[in-house]
Amino acid sequence: MYDELYHGEKKRKVLIVDDESINRELLGNMLMDKYDVIYAANGKEAFSCIESSKDKVSLILLDLMMPVMDGYEFIKLYKEDKKVSQIPIIVMTSDADSEAEIIKAGAVDFIKKPYSMPEVILARCERIIDLFEKKRLIDSTKIDELTGLYSKEYFFEYIKQMRESGFVDEVDMDVISIDVENFHLINEVYGHSKGDIVLKRIAEILEKQVENRIGIAARSDADTFYMYVDSIEDYQTLLDDMMKEISSISDFPASIRLRMGVNKTIDDNESPQKIFEHARMACNLVRGDYIHQIGYYDRALHDKQIYNEKLVADIDASIRNKDFVVYYQPKYSIQHGDPILTSAEALVRWNHPTLGMISPGDFIPLFENNGLIQKLDKYVWGCAASQIKKWKDKYNVAIPISVNVSRIDIYDPELENTLIDIVNAYDLKPHELQLEITESAYSDDATRLVEVVNSLRKKDFEIEMDDFGTGYSSLNMLTTIPIDALKMDMSFVRNMHKDNTSLKLVELIIDISRFLDVPVIAEGVEEQSQLDTLRELGCDIIQGYYFSKPVPAEEFEKFFVG
Ligand code: C2E
Ligand code: CA
Ligand code: CA
């Protein structure tokens, strides 16, 4: 395919630049069969040679020590000339120590003098020509329209070819991912055209980077940019410079913050997609972080990822084998004399066959990210429902259990049917299986949440608003969403006796619950003093280590069996 594009059967043109005729001839003889060879005796001649050549020159073989215009100067001028600088240069040198310098200056490869092994030299020339022709082909077709950078697909393809050609073997490359902090806000507040200006400016800066260093850049999607460049240490300066430049966009009121992920631990066996996924992961580490703007993909993150991959791979088998165990934590009503057990919260644990006991903090966020949480939640809801039934049958007590409904579940069109099937299967009333929905689900998609909650309540399910007080939308939400209980976020109780603001917030939340005429549940109560204060303030229900940690079902029985 590439051959057709580049003058069909015709030989490609190679320019040899050397002041010593014996060297020109030696090299020329090696290449003559395969290439159309032309010659120049110094840099100046080389320029006019390229200028006057009818056909495109595919490769320049350049000597460094020459009169009139030497190789170094040629390279310098060559880089300034857009047309000429598209042609790859291989430097011929007897000075092996200057390798790095030569590559940095802008040559793509070098050949050692005196010449030995013609077949190696020929292979090198072929490889470089092929690589650059492919690059040009990509350049001409696969460009992101808005920014002029490579599209992601071709960027990856190009990296693959760079690696296959051995081009990057001599050079350490960094894998960089760049994002604009809160880009959607820029679009929303200032309009899409302003957003586009920001993206274009970032692209220009990256373009300059890869021109001055060795590498390529791409826009991956939306506001995510990728760069594959020779390694440097100091990315903070680069990032600061970028932000300064972007902020200089005229009449742009907000300051733009960028974040960056750097992956230096490149494993050659991993695909370009993978190494950039890692850089992106590192970049996400510093999302919303106002102190650090650069995240590094390091050993710890790598291990964490492997661990996460294992968890994802094992979830199905573990559901089948009942490795997920549901624990129950009691909730007590405290306003009338001795505390009375009112209900329990179902909290899942993973008794992993090889990794041991894993707490939900380690796998719930992961499964929320990839949607697997839906499976697990259904399983937990089923366990909780069957537990209510078991206690009814065995002890003739009806203990409602609340289950956690993940924000992801809210988007499941089958949510309501699933829940109805579960309560029916165990002959329960919907209000016996209470649903805890985290307040932050409201900021994801308020309209959706209100719809779902309304619909579930019509079917007699009771909704507890979990982690209440942490989302910015708290008050706003309560006027639009009907609920059956407020669960105050644990942080308020934890800090209640440490700072006055938290105490005031506890009072406020209890006031809100009175206004709404729903009970308020305080989580994370560990000490008598906390319980006393909460009781005084009028808090209705308490959950926390003060009464008990979450425990297995059999152990929970002690709370209601006399
Ligand atoms: P959450 O829903 O806010 O649950 C309360 C967490 O606080 C539980 O942590 C509980 O063990 C802990 N806790 C209760 N009392 C105290 C106390 O007095 N002191 C302290 N320090 N902690 C207390 P756990 O079990 O580790 O669960 C963490 C989170 O994982 C839960 O937060 C919930 O968001 C999520 N989760 C647990 N099980 C499930 C589940 O089946 N489905 C979903 N979607 N999420 C779940
Ligand atoms: Ca909860
Ligand atoms: Ca909570």
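Here the structure is a predicted model, which is why all the values come from computation and not from measurement.

Each value, and the rule that gives it
- Residues numbered from 1 in each chain as written.
- Chains lettered and ligands numbered in written order.
- Predicted model: local features only at pLDDT ≥ 70, side-chain atom pairs only at ≥ 80, totals over all residues.
- Heavy atoms only, no water.
- Pairing = 2+ DSSP bridges.
- Helix = DSSP H or I, 4+ residues; strand = E, 2+ residues; numbered from the N terminus.
- Axes fitted to C-alpha atoms, helices over the stretch in contact; angles between N-to-C directions.
- Contact = heavy atoms within 4.5 Å.
- Domains from an automatic or database assignment.
- Donors = N, O, S within 2.8 Å, 3.2 Å for Na, K, Ca; no water.
- Buried < 20%, exposed > 50% of the residue type's maximum accessible area, 1.4 Å probe, protein only.
- Near = heavy atom within 4 Å.
- Polar contact = N/O pair within 3.5 Å; in protein donor to acceptor, adjacent residues only side chain to side chain.
- Areas by Shrake-Rupley, 256 points an atom, 1.4 Å probe, with all protein chains shown as cover.
- Nonpolar A, V, L, I, M, F, W, Y, C, P; charged D, E, K, R; others polar.
- Disulfide = S-S within 2.5 Å.
- Phe/Tyr/Trp six-rings, centres within 6.5 Å; stacked < 30°, edge-to-face > 60°.
- Lys NZ or Arg CZ within 6 Å of the ring centre and 35° of its normal.
- Expected span 1.5 Å × (residues − 1).
- Salt bridge = Lys/Arg side-chain N within 4 Å of Asp/Glu carboxyl O.

Visitor: Help me understand the sheet that holds strand S1 (residues 13-17), please; the structure alone is not making it clear to me.
Guide: Pairing between the strands of a sheet is mediated by backbone hydrogen bonds and can be parallel or antiparallel. Sheet architecture is open: five strands sit in the order S2-S1-S3-S4-S5, paired in parallel fashion. The sheet is open, and its two edges are formed by strand S2 (36-40) and strand S5 (109-112), each paired on a single side. Across the sheet, the mean angle from the axis of one strand to that of its neighbour is 25°, orientation sign disregarded. Examined bridge by bridge, S1 and strand S3 (residues 57-63) share five bridges and lie parallel to one another. Residue pairing across strands places isoleucine 16 opposite leucine 61, the latter belonging to S3. Sheet strands in contact with helix H3 (residues 43-52) are S1, S2 and S3, and its direction is about 160° off that of S1. Contacting S3 and strand S4 (89-93), helix H4 (residues 71-80) crosses the sheet at an angle of about 145° to S3.

Visitor: Would you explain the domain arrangement of the protein in this entry?
Guide: Often, the extent of an interface is quoted as the loss of accessible area on bringing the components together. As assigned here, the protein comprises domain 1 (2-136), domain 2 (143-297) and domain 3 (312-557). Once you take the C-alpha centre of each, domain 2 and domain 3 turn out to be 41 Å apart.

Visitor: Which parts of the structure should I look at to understand the coordination of the calcium ion (ligand 2)?
Guide: Donor atoms from the polypeptide that bind the calcium ion (ligand 2) are Glu345 (OE), Asn404 (OD1), Glu436 (OE) and Asp466 (OD), placed at 2.1 to 2.4 Å. For the calcium ion (ligand 2), all donor residues lie on one chain, and their spacing in sequence is E-x58-N-x31-E-x29-D. Between the two metal centres, the calcium ion (ligand 2) and the calcium ion (ligand 3), the spacing is 4.2 Å, with aspartate 466 acting as a shared donor. With a gap of 91 residues between them, glutamate 345 in strand S13 (residues 340-352) and glutamate 436 in strand S16 (residues 433-438) connect regions that are remote in the sequence. Relative accessible area serves as the criterion here: at 1%, glutamate 436 is assigned to the buried category.

Visitor: Looking at this structure, how should I read the site of ligand 1?
Guide: Inspection of the region around ligand 1 gives 22 residues, with Gln329, Arg349, Asp377, Glu526 and Tyr545 positioned closest. Between an oxygen atom of ligand 1 and a side-chain N or O atom of arginine 349, the distance comes to 2.8 Å. Aspartate 467 places a polar side-chain atom, nitrogen or oxygen, 3.4 Å from an oxygen atom of ligand 1. For ligand 1, the accessible surface in isolation is 800 Å², of which the surrounding protein chains cover 82%. Every element with two or more residues in the shell around ligand 1 is listed here: S13, helix H13 (360-370), helix H14 (373-395) and strand S17 (463-468). Ranked by residue count, the leading element in the shell around ligand 1 is S13, at four residues. For the shell around ligand 1, the residue count by class is 10 nonpolar, five polar and seven charged.

Visitor: Looking at this structure, how should I read the state of the cysteines?
Guide: Put plainly, a disulfide is one covalent bond tying together the sulfur atoms of two cysteines. Applying the stated criterion to the full structure yields zero disulfides. The structure places no disulfide on cysteine 125, whose sulfur is separated from the nearest cysteine sulfur, that of cysteine 49, by 16 Å. Classification of cysteine 125 by relative accessible area gives buried; the value is 0%.

Visitor: Just checking my understanding: could you explain the packing of aromatic side chains for this structure?
Guide: One pair of aromatic rings is described through two measures. These are the centre distance and the angle between the planes. By the definition in use, this model includes 24 aromatic pairs. Geometrically, the ring pair formed by phenylalanine 156 and tyrosine 226 is tilted, given 6.1 Å between the ring centres and 40° between the ring planes. Remark: tyrosine 226 occurs in strand S9 (residues 224-230) and phenylalanine 156 occurs in helix H7 (residues 152-164); sequence separation between them is 70 residues. Here tyrosine 546 and phenylalanine 547 contribute two aromatic rings whose centre-to-centre distance is 4.9 Å and whose plane-to-plane angle is 80°, an arrangement assigned as edge-to-face. The exposure class assigned to tyrosine 546 is partly exposed, which follows from its relative accessible area of 30%. Taken together, the ring pairs in this structure connect Tyr328, Trp391, Tyr395, Phe556, Phe559 and Phe560 into an aromatic cluster. Against the face of phenylalanine 110 rests arginine 124, its NZ or CZ located 6.0 Å from the ring centre.

Visitor: It is not clear to me how H7 should be interpreted in this structure. Could you clarify?
Guide: Given a rise of 1.5 Å per residue, 13 residues ought to cover 18 Å, and the 18 Å separating the end C-alpha atoms of H7 matches this to within 8%. Regarding H7, the residues found buried are Phe155, Phe156, Tyr158, Ile159, Gln161, Met162 and Arg163. Glycine 166 occupies a position one or two residues after H7 and carries a positive phi of about 80°.

Visitor: Looking at this model, I keep getting lost on the pattern of salt bridges. Mind explaining?
Guide: For side chains bearing opposite charge, pairing can occur when the charged atoms are close. Overall, the coordinates contain 31 salt bridges when judged by the stated rule. For the salt bridge of arginine 201 with glutamate 204, the shortest nitrogen-to-oxygen distance reads 3.6 Å. Of this pair, arginine 201 and glutamate 204 are both found in helix H9 (residues 192-212), three residues apart, which corresponds to roughly one turn of the helix. Of the residues examined, arginine 201 reaches a relative accessible area of 24% and is grouped as partly exposed. Note on glutamate 204: relative accessible area 48%, which makes it partly exposed. Residue lysine 274 is joined to glutamate 309 by a salt bridge in which the shortest nitrogen-to-oxygen separation is 3.6 Å. Placement of the pair is lysine 274 in helix H11 (residues 272-285) and glutamate 309 in helix H12 (residues 299-320), with a sequence separation of 35 residues. The partly exposed category is assigned to lysine 274, whose relative accessible area is 26%. Bridged by salt links that share partners, the residues Lys331, Glu345, Glu436, Glu464, Lys487 and Glu523 form one connected network.

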